[in-house]
Amino acid sequence: MAKTAALKRSTKATKVAPKPAKAVVKTAAKPAKSNYVLDDQIGFILRQVWQRHTMIFARDIGSNLTPTQWAALSKLVETGPCSQNQLGRLTAMDVATIKGVIDRLTARGLTETSADPQDGRRLLVSLTRAGQQLAEKTAPLALAISKGTLAPLDAKERETLLSLLSRLR
């Protein structure tokens, strides 16, 4: 019994009361010094210019046509009938995007597809009469939209910008 009491006393003596938790103070990380400034990056600037351009496009043309749909119609005016794949390449659209664009334009009666007489496996996309009329009606608006997008620049700056951007393609 004396041993048990001594053991209990020594166990009690070795128990340490838990220390109170220290307050954790969170501080915001200091910004790292970097040469990269998002506002100065070409991709970011181009995206902002594109957003401005699409806003002008939507305001002036409305919701009847998207920029990609207009690109397809416009290119068909230039080239005449061509394969969907070729049209996608000419308008810088991937296969899935150009298919969706043509499907929507065809559903609206603005384009139609037919078998290529030289290659029955390939479909040719062409404008319908309604598509041709819409393209003719929309072309002056599209020119005005381009002018509106470039309006902050003088004539020489517009020429320089378009020339430089063409070199980056």
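The coordinates are above.
All figures in this text were calculated on a predicted structure; none of them were measured in a lab.

The rules behind these values
Residues numbered from 1 in each chain as written. Predicted model: local features only at pLDDT ≥ 70, side-chain atom pairs only at ≥ 80, totals over all residues. Heavy atoms only, no water. Helix = DSSP H or I, 4+ residues; strand = E, 2+ residues; numbered from the N terminus. Buried < 20%, exposed > 50% of the residue type's maximum accessible area, 1.4 Å probe, protein only. Contact = heavy atoms within 4.5 Å. Areas by Shrake-Rupley, 256 points an atom, 1.4 Å probe, with all protein chains shown as cover. Axes fitted to C-alpha atoms, helices over the stretch in contact; angles between N-to-C directions. Left-handed = near helix turned anticlockwise from the far one by under 90°. Nonpolar A, V, L, I, M, F, W, Y, C, P; charged D, E, K, R; others polar. Expected span 1.5 Å × (residues − 1). Pairing = 2+ DSSP bridges. Salt bridge = Lys/Arg side-chain N within 4 Å of Asp/Glu carboxyl O. Parallel < 35°, antiparallel > 145°, perpendicular 65-115°, else oblique.

## Considering the overall build of the protein
(1) Moving on: Broken down by element type, the protein carries seven helices and three strands.
(2) Moving on: Taken from N to C terminus, the helices and strands of the protein fall in the order α-α-α-β-α-α-β-β-α-α.
(3) Moving on: When each of the 169 residues of the protein is scored for burial, the buried share is 24%.
(4) Moving on: Put simply, 48% of the contacts in the protein that link residues at least 6 apart link residues at least 24 apart.
(5) Moving on: Counting only carbon and sulfur atoms, one obtains 59% of the accessible surface of the protein, whose full area is about 13000 Å².

## With respect to the side chain of Q69
(1) Moving on: Structurally, Q69 can be placed in helix 3 (residues 67-79).
(2) Moving on: Excluding residues that lie within four positions of it along the chain, Q69 makes contacts with N64, V101, R104, L105 and R108.

## So, the packing of helix 2 (residues 42-61) against helix 6 (residues 129-150)
Axis angle and axis distance: for two packed helices, these are the angle between their axes and the distance between the axes, and together they describe the pair.
(1) Moving on: Close contact between helix 2 and helix 6 brings their axes to 9 Å; oriented N to C, the two are set at 145 degrees. The way helix 2 lies across helix 6 gives a crossing that is right-handed. Here V49, R52, H53, I56, F57, D60 and I61 of helix 2 come into contact with helix 6, specifically with T138, L141, I145, G148 and T149.
(2) Moving on: For the contact of helix 2 with helix 6, the residue count by class is six nonpolar, four polar and two charged.

## Digging into helix 3
Structurally, the α-helix is built with 3.6 residues per turn, so residues lying three or four positions apart point the same way.
(1) Moving on: When the terminal C-alpha atoms of helix 3 are compared, their 18 Å separation across 13 residues agrees well with the 18 Å that a helix rising 1.5 Å per residue should span.
(2) Moving on: Residues of helix 3 that are buried include every one of Q69, W70, A72, L73, K75 and L76, and no others.
(3) Moving on: Just beyond helix 3, the residue with positive phi is G80, at close to 80 degrees.

## Some details on the side chain of T91
(1) Moving on: Position of T91 relative to the elements: it lies in the loop between helix 4 (84-90) and helix 5 (95-107).
(2) Moving on: If we ignore the near neighbours within four places in the chain, the residues touching T91 are A71, A72, K75 and I98.

## Brief notes about the sheet that holds strand 2 (residues 111-115)
(1) Moving on: Strand order across the open sheet formed by three strands is 1-3-2, with antiparallel pairing between neighbours. The open sheet terminates on both sides in strands that have one partner only, identified here as strand 1 (82-83) and strand 2.
(2) Moving on: Sheet topology places strand 2 next to strand 3 (residues 123-127); five bridges connect them, and they run antiparallel. The residue of strand 3 that forms the bridge with A115 is L123.
(3) Moving on: Where helix 5 meets the sheet, its contacts fall on strand 2 and strand 3, and the angle it forms with strand 2 comes to roughly 110 degrees.

## Examining the pattern of salt bridges
(1) Moving on: If you walk through the whole model with that rule in mind, you get five salt bridges.
(2) Moving on: The salt bridge partner of K99 is D103, with a shortest N-O separation of 2.8 Å. Here the residue K99 and the residue D103 both occupy positions in helix 5, the gap between them amounting to four residues, near one helical turn.
(3) Moving on: Take K99: its relative accessible area is 41%, and that puts it in the partly exposed class.
(4) Moving on: Between R122 and D116 there is a salt bridge, with the nearest N and O atoms lying 3.0 Å from each other.
(5) Moving on: On the basis of relative accessibility, which here comes to 6%, the residue D116 falls in the buried class.

## Section: the packing of helix 3 against helix 6
(1) Moving on: One way to put it is that helix 3 packs onto helix 6 with a least axis distance of 10 Å and a crossing angle of 110 degrees. For the element pair helix 3 / helix 6, the angle class is roughly perpendicular. Contact with helix 3, carried on its side by W70, L73 and V77, involves Q132, L134, A135, T138, A139 and A142 of helix 6 and no other residues of that element.
(2) Moving on: Residues of the contact of helix 3 with helix 6, tallied by class, amount to seven nonpolar, two polar and no charged.

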